[in-house]
Amino acid sequence: MANPWLGVSLADYEGHMNSAEVQQLGALSDLFAEALAFRYPESVAILGIAGGNGLDHIDASVTKRVVGLDVNPRYLEAARQRYSRLSGLELYCADLAKTVVHLPPVQLVHAALVFEHAGVGLCLESALSLVAPGGVLSAVVQLPSELEEPVSPSRFHSMRNLKPDFSLIDRAWLCNTLAGRGFRRAYQARRSLPAGKGFWMGIFAQV
Ligand SMILES: C[S@@+](CC[C@H](N)C(=O)[O-])C[C@H]1O[C@@H](n2cnc3c(N)ncnc32)[C@H](O)[C@@H]1O
């Protein structure tokens, strides 16, 4: 079965994420800026890069290599056009639920709101395999809400098709799993969102 993200236009995705009832695009961009400020990486990989949300925060004089991965080639094309100023931009189309990517590793791997969609099997393996020695992994997960379902309702109806494949990630499980793989939590941050939702970001460093 085709990945449901292939049926969501970037305009719908970004319209939904920017809508008054969701307000997640800016929060994700801010958290990426925070992850960059934690490490000032020379190289970064973003899993589920969509249209490049947050790439504005990259200082090209510091971060020379920017790897973006996504299942949707149209999102990657938009990111390529928007961020042509980043000379070290490498974009790869891959289904992270089905394949482990093998690329030269980076100092910061950023996985924001992607494990919920791609799962924590092969996608987590890709994330870990991309961390260079001395590098860090930042993971942003959505916190549960008692008020509303995980994919918020909005006027962008195509977003509803993502619901069956969305699973919240238990952050205690994530921390324990990463500890078992030799990564300790070095930093954490939270962002509150509408309807009692929130994001949590953990930055994990190799022990
Ligand atoms: C919620 S968006 C990510 C937001 C983005 N990381 C940010 O910080 O703004 C999820 C992204 O992951 C991508 N995605 C979902 N499932 C995927 C999969 N199996 N493999 C690769 N990318 C996937 C989607 O196409 C989408 O661009």
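The present account deals with the structure reproduced in this document. (Residues numbered from 1 in each chain as written. Predicted model: local features only at pLDDT ≥ 70, side-chain atom pairs only at ≥ 80, totals over all residues. Heavy atoms only, no water.)

## Description of unusual backbone geometry
Where the residue is not glycine, phi is negative for most of them; where a peptide bond is considered, it is trans in most cases.
Thinking step 1. One non-glycine residue, Leu113, adopts positive backbone phi at about 55°.
Thinking step 2. As for its position among the elements, Leu113 is in the loop between β4 (106-112) and α4 (115-118).
Thinking step 3. The exposure class assigned to Leu113 is buried, which follows from its relative accessible area of 12%.
Thinking step 4. The residue Ala195 is not glycine, and still its phi comes out positive at about 60°.
Thinking step 5. Among the secondary structure elements, Ala195 is positioned in the loop between β6 (183-192) and β7 (198-206).
Thinking step 6. The exposure class of Ala195 is partly exposed, given its relative accessible area of 26%. (Helix = DSSP H or I, 4+ residues; strand = E, 2+ residues; numbered from the N terminus. Buried < 20%, exposed > 50% of the residue type's maximum accessible area, 1.4 Å probe, protein only.)

## Focus: the side chain of Arg65
Thinking step 1. As for its placement among the helices and strands, Arg65 is situated in strand β2 (residues 65-70).
Thinking step 2. A residue is classified by how much of its surface remains accessible, and Arg65, at 17% relative accessible area, is buried.
Thinking step 3. In terms of polar contacts, Arg65 uses its side chain to reach the backbone carbonyl oxygen of Pro104, at 3.1 Å.
Thinking step 4. A distance of 3.3 Å separates a polar atom in the side chain of Arg65 from the backbone oxygen of Pro105.
Thinking step 5. When neighbours within four sequence positions are excluded, Arg65 is seen to be in contact with Glu42, Ser43, Val44, Gly88, Glu90, Leu103, Pro104, Pro105 and Val106. (Polar contact = N/O pair within 3.5 Å; in protein donor to acceptor, adjacent residues only side chain to side chain. Contact = heavy atoms within 4.5 Å.)

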